[in-house]
Amino acid sequence: MSLLNRPANMERITTPALANAFIDEQITDMRAQIGDKKVLLALSGGVDSSVVAALLIKAIGQNLVCVHVNHGLLRKGEPEQVIKVFREELGANLVYVDATDRFLDKLAGVEDPETKRKIIGGEFIEVFAEEARKLDGIEFLAQGTIWPDILESEAGIKAHHNAGGLPDDLQFELVEPVRILFKDEVRVVGKALGLPDNMVYRQPFPGPGLGVRCVGAITRDRLEAVRESDAILREEFAKNGLEGKVWQYFTVVPDFKSTGVKDGKRTFSWPCVIRAINTTDVMEVTTEHLPPELIDHLVKRITSEVEGINRVLIDYTPKPPATVEWE
Ligand code: XMP
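Summary of the structure given here. (Residues numbered from 1 in each chain as written. Predicted model: local features only at pLDDT ≥ 70, side-chain atom pairs only at ≥ 80, totals over all residues. Heavy atoms only, no water.)

### Topic: the pattern of salt bridges
Turning to step 1, where the next piece is worked out: According to the stated counting rule, one finds 28 salt bridges in the structure shown.
Turning to step 2, where the next piece is worked out: Ionic pairing is found between Lys-191 and Asp-197, a salt bridge with its closest N-O pair at 2.7 Å.
Turning to step 3, where the next piece is worked out: Between Lys-239 and Glu-236 there is a salt bridge, and its shortest N-O distance comes to 3.3 Å. Here Glu-236 and Lys-239 lie together in helix H9 (residues 220-239), a separation of 3 residues that amounts to about one turn.
Turning to step 4, where the next piece is worked out: Taking the relative accessible area as the measure of exposure, Lys-239 reaches 57% and is therefore exposed.
Turning to step 5, where the next piece is worked out: Sharing partners across several salt bridges, the network here consists of Arg-102, Lys-106, Glu-123, Glu-126 and Glu-130. (Salt bridge = Lys/Arg side-chain N within 4 Å of Asp/Glu carboxyl O. Helix = DSSP H or I, 4+ residues; strand = E, 2+ residues; numbered from the N terminus. Buried < 20%, exposed > 50% of the residue type's maximum accessible area, 1.4 Å probe, protein only.)

Right under this line is the structure:
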């Protein structure tokens with residue numbers, strides 16, 4: 001059984017050699033814990049669950065069942081990348097569930113941010129539970145819990161997001177192979193496991209996804225405007241060497257319109273807000289001031305390529321007083 005607590009004298013995993021030693025140790029421990037039983041994992045494609053998946057594939061191969069739920073609020077290309085990396089390249093036993101319609105139908109007309117979060121979280125558990133019930137002989141649930149999650153839940157800062165929430169008929173023993181690691185160590189381990197850089201060095205992405213960036217009641221057309229503008233922003237950050245340097249960057253599309261002009265005709269469309277922030281602890285954040293040429297280029301690309309956007313704004317507000325996300 002893997003360690004529940006990080007030993008006080010544990011060396012920080014900073015090199016491939018230390019990562020490989022950790023990987024070997026975890027594989028031995030997980031094989032001892034799991035035997036020939038089956039393990040279920042909700043694979044979001046985020047760093048933590050991806051590293052857990054890659055570790056378990058090494059340890060138990062096809063006895064790991066990964067479930068990737070697409071709630072329709074993922075970034076452009078994300079579900080495709082999860083399928084490519086895990087099913088095609090690592091040969092994982094991956095169940096892909098496209099639940100887009102289910103989520104968007106439930107969210108239709110819902111304006112309140114916390115209600116939106118509750119619907120997304122609740123529906124996610126329901127979809128995952130339905131998939132779990134279709135599978136036979138699962139005894140374990142793997143989770144990407146990391147050491148700061150434990151520290152924060154002990155300090156009462158954050159409720160620890162875990163199996164908690166699964167219905168009573170679905171109770172599993174937990175497998176948490178990265179539980180004693182800090183985030184930077186998870187990345188070093190992910191890199192040593194051969195996961196792609198854009199997965200390992202990925203910026204944080206909230207569980208409710210683009211849903212909290214499509215401000216107010218989510219509509220499919222405005223959600224597409226968020227997804228397309230986010231894809232352009234990420235592409236330009238990567239091209240300009242800002243990927244991995246800026247802590248978090250994204251676009252927001254609020255639900256109001258303003259007048260514009262395109263091809264000699266009047267438009268009445270949404271603005272797209274760019275937000276790029278830096279932080280160490282997310283309690284306080286500063287904003288990244290972008291080079292003027294990059295801003296001009298982003299304005300041009302977003303207004304010409306994204307349907308329904310006729311104006312680009314930049315949010316240079318630190319936290320406090322603003323939160324990182326708009327909702
Ligand atoms: P705020 O907006 O609270 O964001 O300043 C701080 C960090 O947390 C992320 N965030 C979330 N992550 N579920 C998540 O998993 C959420 O509901 C959620 N809301 C905010 C946000 O992206 C930022 O990194």
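### A word on unusual backbone geometry
Turning to step 1, where the next piece is worked out: Of note, the amide linkage connecting Lys-319 to Pro-320 takes the cis form, showing an omega dihedral of -15°.
Turning to step 2, where the next piece is worked out: Looking at the element boundaries, Pro-320 is found in the segment after strand S10 (309-314).
Turning to step 3, where the next piece is worked out: Look at Asp-263: it is not a glycine, yet its phi comes out positive at around 50°.
Turning to step 4, where the next piece is worked out: Residue position: Asp-263 is located in the loop between strand S7 (258-262) and strand S8 (265-279).
Turning to step 5, where the next piece is worked out: Judged by relative accessible area, which is 72%, Asp-263 ranks as exposed.

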